[in-house]
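Architecture at a glance
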Amino acid sequence: MMLRDPRRLLRVSVAPAAALAVAVLSSLSRCSLLEPEDCVISALSPYFGTKTRYEDVNPGLLLDPEAPRRDPELLEETCTPVQLVALIRHGTRYPTAKQIRKLRQLHGLLQAREPGDDKTCAAGSHDLRAALAAWPLGYAEWMDGQLVEKGWQDMRQLALRLASLFPALFSFENYCRLQLITSSKHRCVDSGAAFLQGLWQHYHPGLPPPDIADMECGTPRINDKLMRFFDHCEKLLTEVERNATALYHVEAFKTGPEMQNIVKKVAATLQVPVSNLSADLIQVAFFTCSFDLAIKGVKSPWCDVFDIDDAKVLEYLNDLKQYWKRGYGYTINSRSSCTLFQDIFQHLDKAVEQKQREKLKMTQINAEIHYLYGLEDSD
């Protein structure tokens, strides 16, 4: 399995038949700390991308977040998993320091208004602006994208589901054959630690997990060249990351009519000058709704600033940025991930080869037994 910043890597392998590759996206959190009937929802949730809560994608996890669920046709009785390779995103995290600074800027605009300014506000706008101004910021720069408690829970529960889903692969005998590789990002290192805690719970139910360093297999291994390849490809850094024109289409969309209509609408709702807002501030306000849902389990007033049409535009803006910065907008983007994919497929190929060798060896042994006991076929 691999777990990245998006990206951290974990491999589990044993020998018998048909290699299995599974990509598991463990984006965000569940309402597992709440009773299912108390789970707070928002109509905007489908448009948060990787910041969407896990239970909004798979509501079945609300009933039992540790119970595995699988399409009965995924693995037939004649198919035995040989190896599991999973690329897993980190668990629920705090906003980054950059996002928190923008949120503080937006919050400051709301609190800077004079009391007399409210006289010109429509009742609905005044109520929402007042609610936002009074809403606690709740995030400090020291949090800077760190894994939250629900993020730890995300990964522990994911480990328990996978161990139950593939008992042969995750048997205690195979525990120390597991390879966990992570990037150096603290949220990824912590997600790897939480995953190992979940496996400890699986092997030692009822016992509190020890420190990761004291577990049989030790701590996850950090490998940024594999898991954060985009930070180590000089051509990618030159042509995209450090290129001021690489995100031209993103900047054009920010100043285009779709985004500017939202900027004007939000400015009217918050009763602040349009000139004080930008597409970036609007996007932070939108994601603050998702962070409050995922981290605090509450539907904050920020969720009421936007409707579904706004959410679709903001989702497109985020997708557009990822397309040009990390996706297929430039050829070098996809090529830079070749090392990671090569590593994945090499391990899958090795598992298949090992199974084929064992099958051949068993065939030879059976043939010898067949001959020794005089059971060879007659012509």
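Preceding this section is the structure that the text describes.
Remember, predicted model here, so these are calculated numbers, not experimental data.

**A closer look at empty space enclosed by the protein**
This model, assessed by the stated rule, comprises four cavities of 30 Å³ or more. Reported here for the largest cavity is a volume of approximately 60 Å³. Elements with a contribution of two residues or more to the lining of the largest cavity: α3 (97–111) and α11 (279–296). Counting residues per element, the lining of the largest cavity draws most heavily on α11, which supplies five residues.

**What about the pairing of strand β5 (residues 179–182)?**
Along any regular strand, the residues point their side chains to alternate faces of the sheet. Sheet topology note: the β5/strand β6 (residues 221–222) ladder contains two bridges and is parallel. Among the inter-strand pairings, Thr-182 is bridged to a residue of β6, identified as Ile-222. For the segment spanning β5, helix α6 (residues 186–203) and β6, crossover handedness is right-handed.

**Topic: the packing of helix α5 (residues 149–165) against α6**
The description of two packed helices rests on the angle between their axes and on the distance between the axes. In the contact formed by α5 and α6, the axes pass within 7 Å of each other and the chain directions differ by 45°. Judged on the interaxial angle alone, α6 and α5 are oblique. When the axes of α5 and α6 are compared, the crossing they make is right-handed. The residues of α6 that touch α5, namely those facing Trp-152, Met-155, Arg-156, Leu-158, Ala-159, Leu-160, Leu-162, Ala-163 and Ser-164, are Asp-190, Ser-191, Ala-193, Ala-194, Phe-195, Gln-197, Gly-198, Leu-199, Gln-201 and His-202.

**What to know about the nonpolar core**
Ranked by size, the top nonpolar core spans 46 residues in total, and within it Met-259, Leu-277, Ile-282, Phe-286, Trp-302 and Phe-306 carry the most contacts. Mapped by element, the contributors of at least two residues to this core are α3, α4 (123–134), α9 (248–254), α10 (257–270), α11 and α12 (308–325). No other element matches α11, which puts 11 residues into this core. If we ignore the near neighbours within four places in the chain, the residues touching Phe-306 are Leu-44, Ile-262, Val-266, Ile-282, Ala-285, Phe-286 and Leu-314. In this structure, Leu-84, Met-155, Ala-194 and Trp-200 belong to the second largest nonpolar core, which totals 25 residues.

**So, the state of the cysteines**
The tally for this structure, following the rule as stated, stands at one disulfide. In this model Cys-289 forms its disulfide with Cys-303; the gap between the sulfur atoms is 2.0 Å. Measuring the twist about the S-S bond at about 100°, one finds the Cys-289-Cys-303 disulfide to be right-handed. With Cys-289 in helix α11 and Cys-303 in the loop between α11 and α12, this pair connects stretches of sequence that are 14 residues apart.

**Some thoughts on the environment of Asp-64**
You can see Asp-64 is positioned in the loop between α2 (54–57) and β4 (83–89). Classification of Asp-64 by relative accessible area gives partly exposed; the value is 34%. Spatially, the C-alpha atoms of Asp-64 and Gln-157 are 9.7 Å apart, while their sequence positions differ by 93 residues.

**Digging into α6**
Compared with an ideal rise of 1.5 Å per residue, which puts 18 residues at 26 Å, α6 spans 26 Å between its outermost C-alpha atoms and is within 8% of the ideal. By the criterion of burial, α6 is predominantly enclosed, with 13 of the 18 residues buried.

**Some details on α12**
Counted at 1.5 Å a residue, the expected span for α12 with its 18 residues is 26 Å, and the 26 Å between its end C-alpha atoms agrees. The complete set of buried residues in α12 reads Asp-310, Ala-311, Val-313, Leu-314, Leu-317, Asn-318, Leu-320 and Trp-324. Where the residues of α12 are buried, they touch α8 (234–241), α9, α10, α11 and α13 (331–335). For α12, the capping residue at the N-terminal end is Asp-307, with a side-chain oxygen 3.1 Å from the backbone nitrogen of Asp-309.

**Focus: the pattern of salt bridges**
One pass over the full model with this rule turns up 15 salt bridges. With its nearest N and O atoms 2.8 Å apart, the salt bridge here joins Arg-156 to Glu-149. Take Arg-156: its relative accessible area is 17%, and that puts it in the buried class. Among the residues examined, Glu-149 registers a relative accessible area of 49% and is labelled partly exposed. A salt bridge links Lys-325 to Glu-241; the shortest N-O distance between them is 3.7 Å. Taken together, the residues span a long stretch of sequence, with Lys-325 in helix α12 and Glu-241 in helix α8 at a distance of 84 residues. Put simply, Arg-53, Glu-55 and Asp-56 are held in one network by salt bridges that share partners.

Procedures and definitions
- Residues numbered from 1 in each chain as written.
- Predicted model: local features only at pLDDT ≥ 70, side-chain atom pairs only at ≥ 80, totals over all residues.
- Heavy atoms only, no water.
- 1 Å grid on protein atoms, 1.4 Å probe; cavity = no way out; pocket = protein on both sides within 12 Å on 5 of 7 lines; lining within 4 Å.
- Points joined across faces, edges and corners; volume = space filled by probe spheres on them.
- Helix = DSSP H or I, 4+ residues; strand = E, 2+ residues; numbered from the N terminus.
- Pairing = 2+ DSSP bridges.
- Right-handed = clockwise from strand over helix to strand, strands pointing away.
- Axes fitted to C-alpha atoms, helices over the stretch in contact; angles between N-to-C directions.
- Parallel < 35°, antiparallel > 145°, perpendicular 65-115°, else oblique.
- Left-handed = near helix turned anticlockwise from the far one by under 90°.
- Contact = heavy atoms within 4.5 Å.
- Core = buried A, V, L, I, M, F, W, Y, C linked by side-chain atoms within 4.5 Å.
- Buried < 20%, exposed > 50% of the residue type's maximum accessible area, 1.4 Å probe, protein only.
- Disulfide = S-S within 2.5 Å.
- Expected span 1.5 Å × (residues − 1).
- Polar contact = N/O pair within 3.5 Å; in protein donor to acceptor, adjacent residues only side chain to side chain.
- Salt bridge = Lys/Arg side-chain N within 4 Å of Asp/Glu carboxyl O.

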